[in-house]
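The chain contents come next:
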Amino acid sequence: MAPFTLAHLSDPHLPPLPKPRLIELAGKRALGYVNWTRNRHKYQRREVLDALVADVQAQTPDHIAVTGDLVNLALEAEFAPARAWLDGVGPPDRVTTVPGNHDAYVRATSHRFGETFAPYLTGDDGSVGFPGVRRRGPLALISLSTAVPTLPLMATGTLGRDQLASLEAVLDRLAAEDAFRVLLVHHPLKSGARQKRMTDAAALLALIKRHGVELILHGHDHIHSTMWFEGPNGNIPAVGVPSASALAHGRYPAAAYNLFTIEKDNSGWRCEQTVRGLGSGFQIRQIKQARLI
């Protein structure tokens, strides 16, 4: 059987930002808009995102995962362009997305992600919710949502008791199946920044330690990252990527994505990672390769 390829990108923060109505610029959005107009518009670039997506598509992966922050301030006018962009990435049966904190930036539009991207969230059972499960080839893609509205200057995420309880039931069920389990979530499971952390990461880590998955994919931090967490049969890799639309700036690298090649290896699994990212002249190049499992 041929290896299964899974591409992972995150945090496109789809530019450009539509001009907000004055009534929309209250509270947290006002600060976010100032940040966008003074800083973020300089390095969140559509031509970067387009170059990255074109390279992803040229690699012809079997599936593409997008782990959140498709929009910026969750303005009503952002969602239709973001849906059009995701439609251009690939059809719903070949692309899975989960929301990030910017997709639920304020309470007034926190429901819009689920409405707008429902075909890309729908599980194999036909439901739109979290956790969701999609079987693709040897993979079981398990979608989680940490997207909750937060106070100004905060970018935390939370799963909540109900989602954690449902996840335990999902992991129990998948334990009996011969599947390569991939957890998709926006926030990393460990963060040094209190204002950006997953608030109930400890509970998720406890579940993973008991039940296990093979791979965890996340975004949020806008950096290359590989962390290892304890599972029932060894350590589990958790891999993050830079923003898919970013020019290099400060401590943040330029846009990149990961391509995972997954196949059975005797009684276990083999998973190799290829990192491809933005080089000079908006060209996408290979940065590194590594074996994770």
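Parameters at a glance
- Starting from 1, residues in each chain are numbered consecutively following that chain's sequence as written.
- Totals for whole chains, interfaces and linings use every residue, but because this is a predicted model, local features are given only for residues with pLDDT of at least 70 and side-chain atom pairs only at 80 or more, for both listing and counting.
- To obtain the side-chain values, all non-hydrogen atoms of the structure were used and water was disregarded.
- When DSSP finds two or more bridges between two strands, those strands count as paired.
- Here a strand is any run of E in DSSP of at least two residues, a helix any run of H or I of at least four, and the numbering for each starts at the N terminus.
- For helices, the fitted axis covers only the stretch in contact; all axes are lines through C-alpha atoms, and the angles between them, taken along N-to-C directions, range from 0 to 180 degrees.
- Burial classes: relative accessible area under 20% of the type maximum marks a residue as buried, over 50% as exposed, and values in between as partly exposed (1.4 Å probe, protein chains only).
- Any pair of N or O atoms that falls within 3.5 Å is considered a polar contact. Within protein, one atom must be able to donate a hydrogen and the other to accept it, and sequence-neighbouring residues count only if both atoms are side-chain atoms.
- The arc in question is the one traced by the directions running from the helix axis out to the C-beta atoms.
- What makes two residues a contact is simply this: any of their non-hydrogen atoms within 4.5 Å.
- Two rings belonging to Phe, Tyr or Trp (six-membered ring only in the last case) form a pair when the distance between their centres is within 6.5 Å. Interplanar angles under 30 degrees mark stacking, angles over 60 mark edge-to-face geometry, and anything in between is tilted.
- The rule for a charge over a ring is simple: NZ of Lys or CZ of Arg within 6 Å of the ring centre, and within 35 degrees of the ring normal.

Another aspect to go through is the sheet that holds strand β10 (residues 256-265). Across the sheet, which stays open at both edges, the six strands sit in the order β3-β2-β1-β10-β11-β12 with mixed pairing between neighbours. Of all strands in the sheet, those with a lone pairing partner are β3 (95-97) and β12 (284-291), marking the two edges. Mean inter-strand twist for the sheet, computed between neighbouring axes without regard to direction, equals 20°. Both strand β2 (residues 63-66) and β3 contribute to a ladder of three bridges, which runs parallel. Each bridged residue has a counterpart across the sheet, and for Ile 64 the counterpart in β3 is Val 95.

Along any regular strand the residues' side chains alternate between the sheet's two faces. Most of strand β1 (residues 4-9) sits inside the fold, with six of its six residues counted as buried. Burial of the side chains of β1 extends over both faces: Phe 4, Leu 6 and His 8 are buried on one face and Thr 5, Ala 7 and Leu 9 on the other. Relative to β2, β1 is paired through four bridges, and the arrangement is parallel. Following the sheet pairing, Leu 6 is matched in β2 by His 63.

Before going further, it helps to examine the side chain of His 186. By the secondary structure assignment, His 186 is in the loop between β6 (180-184) and α7 (201-211). Here the side chain of His 186 touches Asp 69 through a polar contact of 3.3 Å, side chain to side chain. At a separation of 3.0 Å, a polar atom in the side chain of His 186 contacts the side chain of Asn 101.

Glancing now at the sheet that holds β6. Taken in spatial order, the six strands of this open sheet run β4-β5-β6-β7-β9-β8, and their pairing is mixed. Edge positions in the sheet fall to β4 (132-136) and β8 (225-231), since each of these pairs with one other strand and no more. Here the average twist between neighbouring strands, direction ignored, is 25°. As judged from the five bridges shared by strand β5 (residues 139-143) and β6, these two strands associate in the parallel manner. Opposite Leu 141, over in β6, you have Val 182 as the bridge partner.

Where helix α3 (residues 76-89) is concerned, the buried positions are Glu 78, Phe 79, Ala 82, Trp 85, Leu 86 and Val 89. End-on view of α3: buried residues confined to an arc of 130°, all on one side of the axis. On its buried face, α3 is in contact with β1, α2 (46-58), β2, β3, α4 (112-116) and α5 (118-121).

Before going further, it helps to examine the packing of aromatic side chains. Two aromatic rings, taken as a pair, are described by how far apart their centres are and by the angle between their planes. If you walk through the whole model with that rule in mind, you get two aromatic pairs. Ring centres of Phe 113 and Phe 117 lie 4.6 Å apart, and the angle between their planes is 45°; on these two criteria the pair is classed as tilted. Assigned by exposure class, Phe 113 and Phe 117 land together as buried. Ring plane angle 75° and centroid distance 5.4 Å describe the contact between Phe 180 and Trp 269, whose orientation is recorded as edge-to-face. Linking Phe 180 in strand β6 with Trp 269 in strand β11 (residues 268-278), this pair joins segments that are 89 residues apart in sequence. A single burial state applies to Phe 180 and to Trp 269, both of which are buried. Directly above the aromatic system of Tyr 105 lies the positively charged group of Lys 28, at a separation of 4.7 Å from the ring centroid. One Lys or Arg, Lys 264, reaches over the ring of Trp 269 and ends 4.5 Å from the middle of that ring.

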